[in-house]
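These are the residues of each chain, in order.
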Amino acid sequence: MPISRRDFLTSALAGSVAVGLSTGTQAAQDSPGNKNTAKHAAKLPIIISAANGYNYLDQAYAFLSSGGDTLDAALKVVQGPENDPNDESVGLGGHPNEEGVVELDACCMHGPTRTAGSVAGVHNIKNVSLLSNTVRLHTGHVMLVGEGAARFGVAQGFQRENLLTERSRKEWLLWKETHSDWWGPGLDSPDWRRRFSGATTADEWEQRIRRMEQIAADIGIPPELRMEAIRYVIFPPTGTIHCSALSEKAEISGCTTTSGLAWKIPGRVGDSPIIGAGCYTDQNVGSAGATGNGEENLKVAGAHTIVENMRHGMSPLDAGMDALKRIVRNYNGDKDRLQFVDMVYYILRKDGAYAGVSLWEGYETNKPHQIAVHDGTRRLEKTVNLFAGASQSWPPVRMVR
Ligand code: ASP
């Protein structure tokens with residue numbers, strides 16, 4: 001739904017933009033007290049994914065139910081967003097890097113054969129999830145990156161194609177013309193508060209947005225998409241899809257694919273293609289995957305941590321909460337910083353128990369993070385959040401009244 005300037009200023013700026021340094025966020029909720037979904041379904045087969053996989057679950061579930069392979073089923077789900085030009089977080093139409101080039105990452109793990117494949121920093125090949133699977137099947141390696149991965153793909157029959165849609169190209173142009181101060185310092189730098197320099201008044205913000213609107217109009221961004229484009233420029237978005245599938249025979253696999261962080265430095269790789277961070281599957285235990293701040297997830301090897309936690313007896317919910325708490329510990333619980341971290345884990349145990357957990361409720365409180373599930377019934381369920389409230393967009397903007 002198009003957003004107006006007024007909506008943007010009141011929600012994105014008054015809500016998502018940090019007003020000063022104190023967050024006012026509520027105390028952490030302990031997982032057992034949280035009444036959100038934490039189902040322990042034992043219905044097989046079952047597929048879980050990030051919410052953007054919801055529309056593709058039916059066909060993958062039918063395939064899995066009729067004896068299809070678990071990784072092939074998961075790949076069917078993630079190819080949906082990869083092929084969708086309107087999903088700007090994955091594959092075709094994904095937001096490009098700072099040079100305007102769509103740069104994709106993916107990985108997969110096949111439980112029954114205990115094999116894995118991964119690709120990172122790939123240009124011009126849309127279905128990098130399938131490319132990661134081709135690395136798994138047709139090389140003695142696990143990971144290929146950059147042009148080498150693309151050439152391998154072409155040799156294996158993948159087409160090179162332009163992945164930059166007109167929409168994502170124009171959003172990138174808007175970013176090029178209007179951005180500043182992008183490279184750092186990062187959230188984990190001792191100097192992170194420098195990002196708050198340049199406090200601005202609401203009037204200045206309104207003027208800035210008007211200027212950006214004019215440039216967006218000149219670039220040819222349609223009026224109904226301008227505010228969203230401006231939001232993407234000010235707060236570079238991420239987005240990804242993970243999917244794990246478990247068959248009736250209790251075979252389990254998982255995969256994750258992404259275009260990563262919008263406007264990233266060429267060569268930046270997040271967690272998604274890293275086996276053990278963006279995805280991890282162990283046939284004896286279960287499977288897990290992540291969406292959210294890749295840098296934070298890399299530092300806790302989230303998916304592997306979760307699977308190891310389940311191996312040692314934790315429920316999917318507790319295993320995921322523990323990984324989130326490791327991220328919290330990396331910041332000594334400092335919510336001034338943690339408010340800018342967004343993380344969601346999708347967790348499936350080998351017996352069919354599953355959980356979706358998130359650090360915060362959502363990007364916006366009225367849009368909670370969700371996990372998509374199909375175990376005969378297709379549905380979206382709210383994740384169990386560690387902290388109440390919504391995460392804030394990075395980089396921060398300080399408003400003065
Ligand atoms: N984790 C992805 C990355 O950092 C982005 C995301 O999931 O939103 O590249």
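Residues numbered from 1 in each chain as written. Predicted model: local features only at pLDDT ≥ 70, side-chain atom pairs only at ≥ 80, totals over all residues. Heavy atoms only, no water.

Caption draft 1: Structural context of the packing of helix 4 (residues 128–138) against helix 5 (residues 146–155). Here helix 4 crosses helix 5 at 75 degrees, and the two axes come no closer than 10 Å. Comparing the axis directions of helix 4 and helix 5 gives the class roughly perpendicular. On the side of helix 4, the interface is formed by L131, T134, V135 and H138, while helix 5 contributes A149, F152 and G153. When its residues are assigned to classes, the contact of helix 4 with helix 5 shows 4 nonpolar, 3 polar and no charged. (Axes fitted to C-alpha atoms, helices over the stretch in contact; angles between N-to-C directions. Helix = DSSP H or I, 4+ residues; strand = E, 2+ residues; numbered from the N terminus. Parallel < 35°, antiparallel > 145°, perpendicular 65-115°, else oblique. Contact = heavy atoms within 4.5 Å. Nonpolar A, V, L, I, M, F, W, Y, C, P; charged D, E, K, R; others polar.)

Caption draft 2: Spotlight on the state of the cysteines. In this structure the tally under the stated criterion is 0 disulfides. Lacking any disulfide linkage, C108 is separated from the closest cysteine sulfur, that of C255, by 6.7 Å. Take C279: it sits in no disulfide, and the sulfur closest to it among the cysteines is that of C107, at 4.5 Å. (Disulfide = S-S within 2.5 Å.)

Caption draft 3: Seen up close, the sheet that holds strand 16 (residues 384–385). As summarised here, the arrangement of the 5 strands in space is 8-9-10-11-16, forming an open sheet in which the pairing is mixed. Looking at strand neighbours, the two that pair on one side only are strand 8 (279–282) and strand 16, the edges of this open sheet. Bridge analysis of strand 8 against strand 9 (residues 286–292) gives 4 bridges, and the strand direction is antiparallel. Within strand 9, the position partnered with D282 by the bridge is G286. Packing against the sheet, helix 10 (residues 302–311) makes contact with strand 8, strand 9 and strand 10 (343–349), and its axis sits at approximately 145 degrees to strand 9. (Pairing = 2+ DSSP bridges.)

Caption draft 4: Fine view of helix 7 (residues 202–219). With 18 residues, helix 7 should cover 26 Å at 1.5 Å per step; its first-to-last C-alpha distance of 25 Å lies within 8% of that length. Buried within helix 7 we find W205, I209, M212, E213, A216 and I219. Each buried residue of helix 7 sits inside an arc of 120 degrees when the element is viewed along its axis, so together they form one side. In helix 7, those exposed residues whose orientation departs by more than 90 degrees from the buried face are D203, Q207, R211 and D218. In the stretch just after helix 7, G220 is the one whose phi turns positive, near 100 degrees. (Expected span 1.5 Å × (residues − 1). Buried < 20%, exposed > 50% of the residue type's maximum accessible area, 1.4 Å probe, protein only. Arc of directions from axis to C-beta.)

Caption draft 5: Molecular detail of the side chain of E361. The residue E361 is located in the loop between strand 11 (354–358) and strand 12 (362–364) in this model. Setting aside residues no more than four positions away along its own chain, E361 makes contact with K367, P368, H369, K382, N385, F387, A388 and G389.

Caption draft 6: Fine view of the site of the ligand. All residues adjacent to the ligand are T238, G239, T240, G260, R268, D271, S272, T291, G292 and G294. R268 is positioned with one of its side-chain polar atoms (N or O) 2.8 Å from an oxygen atom of the ligand. Surface burial for the ligand is 99%, taken as the share of its 270 Å² of free accessible area covered by protein chains. Among the detected pockets, the ligand sits in the largest cavity. Residues of the shell around the ligand, tallied by class, amount to no nonpolar, 8 polar and 2 charged. (Near = heavy atom within 4 Å. Polar contact = N/O pair within 3.5 Å; in protein donor to acceptor, adjacent residues only side chain to side chain. Areas by Shrake-Rupley, 256 points an atom, 1.4 Å probe, with all protein chains shown as cover. 1 Å grid on protein atoms, 1.4 Å probe; cavity = no way out; pocket = protein on both sides within 12 Å on 5 of 7 lines; lining within 4 Å. Sits in = over half its atoms within 2 Å of the grid points.)

Caption draft 7: Structural view of the packing of aromatic side chains. Inspection of every chain in the model, using the stated rule, returns 3 aromatic pairs. Between W175 and W263 the ring centres are 5.6 Å apart and the planes differ by 15 degrees, which places this aromatic pair in the stacked class. Of the two residues, W175 is situated in helix 6 (residues 166–178) and W263 in the loop between strand 7 (252–258) and strand 8; the sequence distance between them amounts to 88 residues. In this structure, W175 and W263 share a single accessibility class: buried. Between F340 and W394, the aromatic rings sit 5.3 Å apart at their centres with planes inclined by 70 degrees, giving edge-to-face as the arrangement. Taken together, the residues span a long stretch of sequence, with F340 in the loop between helix 12 (335–338) and strand 10 and W394 in the loop between strand 16 and strand 17 (399–400) at a distance of 54 residues. We note K76 situated over the ring of F63; from NZ or CZ to the ring centre the distance is 4.6 Å. In this structure, R378 packs its charged tip against the face of Y54, placed 4.1 Å from the ring centre. (Phe/Tyr/Trp six-rings, centres within 6.5 Å; stacked < 30°, edge-to-face > 60°. Lys NZ or Arg CZ within 6 Å of the ring centre and 35° of its normal.)

Caption draft 8: Here's a closer look at the sheet that holds strand 7. Taken in spatial order, the 8 strands make up an open sheet running 4-3-2-7-6-1-14-15, and their pairing is mixed. On the outer flanks of this sheet lie strand 4 (143–145) and strand 15 (378–382), each paired with one strand and no other. On average, each strand axis in the sheet is inclined to that of its neighbour by 10 degrees, with strand direction left out of account. As defined by bridge partners, strand 2 (residues 103–110) adjoins strand 3 (residues 115–123) across 7 bridges and the pair is classed as antiparallel. Across the sheet, residue C108 finds its bridge partner in strand 3, namely G117. Sheet strands in contact with helix 4 are strand 2, strand 3, strand 4 and strand 7, and its direction is about 130 degrees off that of strand 3.

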